[in-house]
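Here is how the chains run, residue by residue.
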Amino acid sequence: MEQRPLGRTGLSVAPIVFGGNVFGWTADEKTSFDLLDRFFDAGLNTIDTADVYSAWVDGHEGGESETIIGKWLKRGTVSRDKAVIVTKVGFDNDGRKTGLSAKWIAEAVEASLKRLGTDYVDLYLSHKPDDAVAHEETLGALARLKDEGKVRAIGCSNFDAGQLQEALDVAARDGLPRYDVVQPEYNLYTRNKFEGPLADLCMREEIGVISYYALAAGFLTGKYRKKEDIEGSSRGYRVGDYLNDKGFRVLAALDEVAAETGAAPASIALAWLIAKPALTAPIASATSLSQLETMIAAGNLTLSEGQMKRLDEAGA
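To start, this report covers the structure provided alongside it. Quantities reported herein were computed from a predicted structural model and do not represent experimental measurements.

## Observations concerning the overall build of the chain
Right, so step 1: When you go through the chain residue by residue, the secondary structure sums to 11 helices and 10 strands.
Right, so step 2: Here the C-alpha radius of gyration of the chain, 19 Å, is about what a compact globule of 316 residues would show, namely 20 Å.
Right, so step 3: Taking the principal axes of the C-alpha coordinates as reference, the chain spans close to 50 × 40 × 35 Å.
Right, so step 4: When the 316 residues of the chain are sorted by exposure, 57% land in the buried category.
Right, so step 5: Counting contacts in the chain only where the partners sit at least 6 residues apart, residues at least 24 apart contribute 76% of the total.
Right, so step 6: Split by element, the accessible area of the chain, about 13,300 Å² in all, is 49% carbon and sulfur.
Right, so step 7: Positive and negative side-chain charges of the chain, numbering 36 and 47 respectively, have mean locations separated by a distance of 2 Å.

Rendered as structure tokens:
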């Protein structure tokens, strides 16, 4: 599978990242292990998680996903240096403010490393902006982690162009490491959170981009086409937002391209993202091997200029 440079980090990633939010939630430990084995067998190499996954599940406290990844790494089917591990810090957990303070980052990274069973994280992300903490404090704390060898590269998630530019300016002014990766919400339906100023800034500054919600909570698989389809779904609360005229236009375009290529709508939606010049790799999740195969297929699917244009217009 093709490897792409992740901005200026020195890391190389395959064109699809596994979204580890499902580990310990909708994928149990055995299923998670099977999925990760197949993912790496296919030549893919990057797993995205966070210290807060999956705190939203009753009885969970966050860190369950990291724990499963750690147990999988310990099995040794894939050597540590062949896996790019991405985790995040700073998302409030069950009403408890964590944020991006230096004190919390120092505590949180140790807990993540312990759960992951490793002595370093390849990419550590500020999970969301924290207006109560100055960029100087956060970047200074992350600089110490890099100096200590606990973190190889840093980035941020859910920052808009203005927030990212502020952080870049502080890093340049104070001689601190900058955010070299951004993780925005971006897919064929939701375009405005990345396209435009943020994408332009990332291109200009050679910032790597790994986008989440690549399949719009499963909507872009084509599985959900009416309200009845989302009943009982663990992500139904989110999918309902896409059941509108724009969503139906997107599904129609995916159906057309699927008929032409023989590929699944999910593969096409991911291939559309992979072809975008500002994006390094989309993040997608799977809870079964059949779902994972559609992700793998996307890494080998090339859409024509006409197909890209039709999808662009449907989701505009």
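## Points about helix α8 (residues 245–261)
Right, so step 1: Here α8 contains 17 residues, and its C-alpha end-to-end distance of 24 Å stays within 8% of the 24 Å for a straight helix at 1.5 Å per residue.
Right, so step 2: The complete set of buried residues in α8 reads G247, V250, L251, A253, L254, V257 and A258. Taken around the axis of α8, the buried residues stretch over an arc of 160 degrees, which confines them to a single face. Exposed residues pointing more than 90 degrees away from the buried face of α8 are listed as D245 and A259.
Right, so step 3: Elements that come into contact with the buried residues of α8 comprise α9 (265–274) and α11 (305–314).

## Thoughts on unusual backbone geometry
Right, so step 1: The omega torsion of the bond from Y53 to S54 falls at 5 degrees, within 30 degrees of zero and hence cis.
Right, so step 2: Backbone geometry places E206, a non-glycine residue, at a positive phi of 55 degrees.
Right, so step 3: Checked against the element boundaries, E206 lands in the loop between α6 (197–205) and β9 (208–211).
Right, so step 4: At Y213, a position not held by glycine, the phi torsion is positive, near 55 degrees.
Right, so step 5: Among the structural elements, Y213 can be located in the loop between β9 and α7 (236–239).

Criteria and thresholds
- Residues numbered from 1 in each chain as written.
- Predicted model: local features only at pLDDT ≥ 70, side-chain atom pairs only at ≥ 80, totals over all residues.
- Heavy atoms only, no water.
- Helix = DSSP H or I, 4+ residues; strand = E, 2+ residues; numbered from the N terminus.
- Rg over C-alpha atoms; globule rule 2.2 N^0.38 Å.
- Buried < 20%, exposed > 50% of the residue type's maximum accessible area, 1.4 Å probe, protein only.
- Contact = heavy atoms within 4.5 Å.
- Areas by Shrake-Rupley, 256 points an atom, 1.4 Å probe, with all protein chains shown as cover.
- Lys, Arg positive; Asp, Glu negative; His and termini not counted.
- Charge placed at Lys NZ, Arg CZ, Asp CG, Glu CD.
- Expected span 1.5 Å × (residues − 1).
- Arc of directions from axis to C-beta.

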